[in-house]
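Listed below are the residues making up each chain.
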Amino acid sequence: DQQVKQNSPSLSVQEGRISILNCDYTNSMFDYFLWYKKYPAEGPTFLISISSIKDKNEDGRFTVFLNKSAKHLSLHIVPSQPGDSAVYFCAASPIYNQGGKLIFGQGTELSVKP
Amino acid sequence: DTGVSQNPRHKITKRGQNVTFRCDPISEHNRLYWYRQTLGQGPEFLTYFQNEAQLEKSRLLSDRFSAERPKGSFSTLEIQRTEQGDSAMYLCASSLGSPRGLGYTFGSGTRLTVV
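Here the structure is a predicted model, which is why all the values come from computation and not from measurement.

Asks: Sorry, what's going on with the packing of aromatic side chains here?
Replies: Centre distance and the angle of the planes are the two values used to describe a pair of aromatic rings. Per the stated rule, a full pass over the model turns up 16 aromatic pairs over all chains. A ring pair is formed by Y36 of chain A and F106 of chain B, whose centres lie 5.6 Å apart and whose planes are at 80 degrees; its orientation type is edge-to-face. In this pair, Y36 of chain A is assigned in strand β4 (residues 30-38) and F106 of chain B in strand β10 (residues 105-106), connecting two distinct chains. With relative accessibility at 8%, the residue F106 of chain B sits in the buried group. When the ring of F104 of chain A is compared with that of Y35 of chain B, the centres are 5.7 Å apart and the planes differ by 85 degrees; the resulting orientation is edge-to-face. Of this pair, F104 of chain A sits in strand β10 (residues 103-104) while Y35 of chain B sits in strand β4 (residues 31-37), placing the two residues on different chains. As far as the burial class goes, F104 of chain A and Y35 of chain B line up, both buried. An aromatic cluster is built from Y36, F46, F89 and F104 of chain A together with Y33, Y35, F45, Y48, Y104 and F106 of chain B, whose rings are joined through pairwise contacts. Directly above the aromatic system of F74 of chain B lies the positively charged group of R22 of chain B, at a separation of 3.9 Å from the ring centroid.

Structure below.
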């Protein structure tokens, strides 16, 4: 039962353009949503998060949007750079879990071409 | 402090053998997490410790798996009688307190291949 889904395994974008990575979730019992970036042979690195009471959070070139009615969040990267090429995971933090457990999506591999 | 350290980086073992992985968290972090990642999937939660206490275990953590964190410092994850389905990347992460929206710091992982 996949509670957090990333339906696009890959995305290719031209340098300088916008990258939009999408994530859907299936229940409303999450209080935070997070995005992680992963380079090959490295562990995931925390990128940005959003509280479930917000609909937008911005940090430099990265903006996360949350649409609670659609149970959908997206990560926008503007402008995209070749160094952004990586696998991006969205993750959700269950409200009922105080331990810090995260539920991850399957990941989307972003390729930014010069 | 150089972050979360995991050893070994790679492990190849024959089916039926036991393996043990080690994780050294960031020194001041009191919480430590183990995740497993298989090809094409995101990390899946296995277990977590607060200091030396193991407070939650996933259903994924079968009887063949055991994790310890003696003295609340480093942690070990042991898999007994390995099976081919255990082949995966095993990731360790740590945090200071409950991470909520702050995320936690992952190590580079141990890639296990069972042949």
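Asks: Looking at this structure, I do not really get the layout of surface pockets. What am I missing?
Replies: Unoccupied space between atoms shows up once a probe the size of one water molecule is rolled over them. Taken as a whole, the largest pocket holds about 580 Å³ of empty space. Looking at the largest pocket, it is lined by 30 residues, and the ones nearest its centre are K38 and V87 of chain A together with Q37, L39 and R111 of chain B. Sorting elements by how many residues they give to the lining of the largest pocket places strand β11 (residues 108-113) of chain A first, with four residues. Grouping the constituent residues of the lining of the largest pocket by class yields 12 nonpolar, 14 polar and four charged.

About the criteria used
- Residues numbered from 1 in each chain as written.
- Chains lettered and ligands numbered in written order.
- Predicted model: local features only at pLDDT ≥ 70, side-chain atom pairs only at ≥ 80, totals over all residues.
- Heavy atoms only, no water.
- Phe/Tyr/Trp six-rings, centres within 6.5 Å; stacked < 30°, edge-to-face > 60°.
- Helix = DSSP H or I, 4+ residues; strand = E, 2+ residues; numbered from the N terminus.
- Buried < 20%, exposed > 50% of the residue type's maximum accessible area, 1.4 Å probe, protein only.
- Lys NZ or Arg CZ within 6 Å of the ring centre and 35° of its normal.
- 1 Å grid on protein atoms, 1.4 Å probe; cavity = no way out; pocket = protein on both sides within 12 Å on 5 of 7 lines; lining within 4 Å.
- Points joined across faces, edges and corners; volume = space filled by probe spheres on them.
- Nonpolar A, V, L, I, M, F, W, Y, C, P; charged D, E, K, R; others polar.

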